[in-house]
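# Structural features, examined
Single-letter residue listing:
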Amino acid sequence: MVAITLPDDSVRDFDGPVSGADIAGAIGPGLAKAAIAVRVDGELWDLSRAIDHDAAVSIVTMRDDDETVFDLLRHDAAHIMAEAVKELFPKTQVTIGPSIENGFFYDFSRAEPFTPDDLEAIEARMGEIVGRDEPLIREVWDRDKAIAFFKDMGEHYKAEIIEDLPATEEITLYRQGGFIDLCRGPHLPSTGKLGSAFKLTKLAGAYWRGDSRNEMLQRIYGTAWRTPKELNAYLHRIEEAEKRDHRRLGKQLDLFHFQEEAAGMAFWHPKGWTLYRILEDYIRGRLDTAGYVEVKTPQLVDRKLWEKSGHWEKFGEHMYTTESEERTFALKPMNCPGHVQIFKTDLRSYRDLPLRMAEFGGCHRYEPSGALHGLMRVRAFTQDDAHIFCTREQITPETEDFCRLLLDVYKDFGFEDVKINFADRPEVRAGTDDVWDQAESALTEAAEVTGIEIGLNPGEGAFYGPKLEFILTDAIGRDWQCGTLQVDFVTPERLDANYIGEDGQRHRPVMLHRAILGSLERFTGILIEHHSGAFPLWLAPIQVVVATITQDGDAYATQVAKELRGAGLRVELDLTNEKINYKVREHSLAKVPAIIAIGQREADDGTVSVRRLGSKGQEVLALRDAVDTLAAEAQIPGQSAAA
RNA sequence: GCCGAAGUAGCUCAGUGGUAGAGCAACUGAUUCGUAAUCAGUAGGCCGGGAGUUCGAAUCUCCCCUUCGGCACCA
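Basis of the calculations
Residues numbered from 1 in each chain as written. Chains lettered and ligands numbered in written order. Predicted model: local features only at pLDDT ≥ 70, side-chain atom pairs only at ≥ 80, totals over all residues. Heavy atoms only, no water. Pairing = 2+ DSSP bridges. Helix = DSSP H or I, 4+ residues; strand = E, 2+ residues; numbered from the N terminus. Axes fitted to C-alpha atoms, helices over the stretch in contact; angles between N-to-C directions. Polar contact = N/O pair within 3.5 Å; in protein donor to acceptor, adjacent residues only side chain to side chain. Contact = heavy atoms within 4.5 Å. Core = buried A, V, L, I, M, F, W, Y, C linked by side-chain atoms within 4.5 Å. Buried < 20%, exposed > 50% of the residue type's maximum accessible area, 1.4 Å probe, protein only. Near = heavy atom within 4 Å. Phe/Tyr/Trp six-rings, centres within 6.5 Å; stacked < 30°, edge-to-face > 60°. Lys NZ or Arg CZ within 6 Å of the ring centre and 35° of its normal.

### So, the sheet that holds strand β20 (residues 321-324)
Strand order across the open sheet formed by three strands is β19-β21-β20, with antiparallel pairing between neighbours. The sheet terminates laterally at β19 (300-302) and β20, the two strands that pair on one side only. Direction aside, neighbouring strands of the sheet carry axes that sit 35° apart on average. Bridging between β20 and strand β21 (residues 327-331) involves four bridges; their strand directions are antiparallel. For T321, the partnering residue across the bridge sits in β21 and is A330.

Here it is as structure tokens:
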């Protein structure tokens, strides 16, 4: 007897082992048809797998929670894709094929590259396999037999995976039609359940087991959904995301460009540079009030200093160097050694601590060519960097202050949704466990005052200390790690920084490496994507365009522009001989937040007609009121009104 | 760095071995107009770079550069 408890707490008794399908059938034919899997004591099982013990069971249908359904659906899609590939290209070896966010992939090993045409053929064959509605059958295999089986088939990767599975793990294979694959499962009952809402999206290389020393496999990505409607909605979301790509908007809005002669380094155009400068000025203002001092350190520094700091050994390959005066210099990849040099020019007292030293430090790093990505990953960038030299006791209060400052800044930029990750000690590290204990608890304690839940990023701390990572979420739900705070006991030691304590003895200061925006280039890119290029007034490179309707308005329009500029606004005057429709269109496409149209009426009445970006209508205001309103709205957050 | 794809006018793109094309932008002229494209004309190209095949190359082959999508990397 097997007693099955259903979600409504009713209990059904069965004579012997019973499958999820049997249970669904016993409840009703509708459910039997809709069932795709079963939850047994909370664990997801195949519908056909026999339950031989008393259990709490719930039947899973396509209406179950998204995560469960999509995971099943996409995992099946991966198997069906592998079956299609094996049918079309029998010599291909299969490796792994999981479900991922929004889709799935499968990695294949094959001598010839797949072509985009092959993708179409594979997708078509997948459709056929769905049509065949092949049942997916779970089989438990003997380990050695399974290894021999896959070796015999020439599936060496599969054999290797089994060999590496822990001896305790049950080896399960799933069979569908002529295709059999090692898999933990569970799966949908048959290939027909996948339906038609799937699509192969891209072809890419991927290293076997994610290790660049291994063979490069061919990865095919796809997406799968419950219904064609869901699929189309997803494809539409992708299109919309592409429209806000900062590289595309950078061109459209004339913000910056890249060219071959300086790969990975931006040429900032006037409008883009305006935006960049606003960020820099804003942060500078913030740091001033938060008690930081600003410095500037050399771009080009003798390699000797990098050897001392330890960077040469670890990252020398990624530093740009130049020879001069029979010495080797390196373009600085980071600012900390420079800041320590300034710290050391004076005999420091504990009374000088904490010393918060900030720099908009322009750094160069030789990033691998394949890593470059618009402004997001560049070879020349500027950090809103600072190092706080402090005592161990000051780690917690300084971290608390920093968290508050950072959250304030993110809020000003419209990022309310922030996550914090704590990255603790890596396996290879400098410093004693005692020191790490202290540093880790100092950081977590301080981070807790933010009230934000702290995620753990185990073993991902820097070799010199633990760190906090600050992640913001943009308008379309993507996460960006921008801010960071890292505790460093090693650099002060290596570069011999010290201060005189209350006891009259020399002590090592602790360094807190911290950045709020991270790289100004990258943060600019994030802002462009977050706002789709339609910036709030305080960030917009051109805040207002004053456009005339006919030439009769030129004189008054010039006066309006002058007054707006007088109030500190960034204004463009458009006196061109075009129709107002054309001007409105041009400036709207350029995403200027406010267009002021000037015609005879406004000139006669001393008014302006203001049209806001995104609105269809306009508002007629007295010139003075318009200037005041716009100037107030353009205020940089966190600063008092401009004089 | 690795795998795959791409690079043609300022921008978006067409052009598969036989005299380099379109739209928009630019420039010139006309038009003076009330909230998302006024009309006409003109000009604009080392077809990413180099080598090769060919009577002839944007087009075929090889090498390199850059970009795009991933992977690996990210102090």
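What follows picks up the thread again.
### A closer look at the side chain of D107
Note on placement: D107 falls in strand β10 (residues 103-109). Of the polar contacts made by the side chain of D107, one reaches the side chain of R219; its length is 2.7 Å. Residues in contact with D107, not counting those within four places in the same chain, are Q93, V94, T95, I96, A206, L217, Q218 and R219.

### A short note on the nonpolar core
If you look at the biggest cluster of nonpolar residues, it comprises 58 residues, and the most contacted ones within it are V409, Y410, F413, L468, F470, F523 and L539. What Y410 contacts, discounting residues up to four positions off in sequence, is F415, V418, F470, L472, C482, G483 and I516. V85, I129, A224 and L231 belong to the second-largest nonpolar core, a separate cluster that totals 36 residues.

### Things to note about the sheet that holds strand β7 (residues 55-61)
Read from one edge to the other, the open sheet built from five strands follows the order β2-β1-β7-β4-β5, with strand pairing classed as mixed. Two strands lie at the open edges of the sheet, namely β2 (11-14) and β5 (43-45), each paired on one side alone. With direction set aside, neighbouring strand axes in the sheet form an average angle of 35°. Here helix α1 (residues 20-27) sits on the sheet and contacts β1 (2-5), β2, β4 (35-40) and β7; the angle it forms with β7, its principal contact strand, is near 80°. Across the face of the sheet, helix α3 (residues 66-88) comes into contact with β4, β5 and β7 while running at roughly 120° to β4.

### A closer look at the protein's contact with RNA strand B
Lining the immediate environment of RNA strand B, one finds 54 residues, of which S369, N577, E602, S609 and R611 sit closest. Near the protein, meaning within 4 Å, the atoms of RNA strand B are sugar or phosphate in a fraction of 49%, with bases accounting for the rest. A distance of 2.4 Å separates a phosphate oxygen of RNA strand B from a polar side-chain atom of S369. Q618 places a side-chain nitrogen or oxygen 3.3 Å from a base nitrogen of RNA strand B. Mapped onto the surface near RNA strand B, the elements with two or more residues apiece are β14 (198-207), β15 (216-224), α8 (246-252), α11 (311-315), α18 (580-589), α19 (600-605) and β35 (607-612). Here the surface near RNA strand B takes seven residues from α18, the largest share from any one element.

### A short note on the packing of aromatic side chains
Inspection of every chain in the model, using the stated rule, returns 23 aromatic pairs. Measuring from ring centre to ring centre gives 5.3 Å for F463 and Y464, while their planes differ by 70°; the resulting arrangement is edge-to-face. By relative accessible area, F463 is classed as partly exposed at 26%. An aromatic cluster is built from F256, F258, W268, W273 and Y276, whose rings are joined through pairwise contacts. Note that R226 overlies the ring of F70, its terminal NZ or CZ placed 4.9 Å from the centroid.

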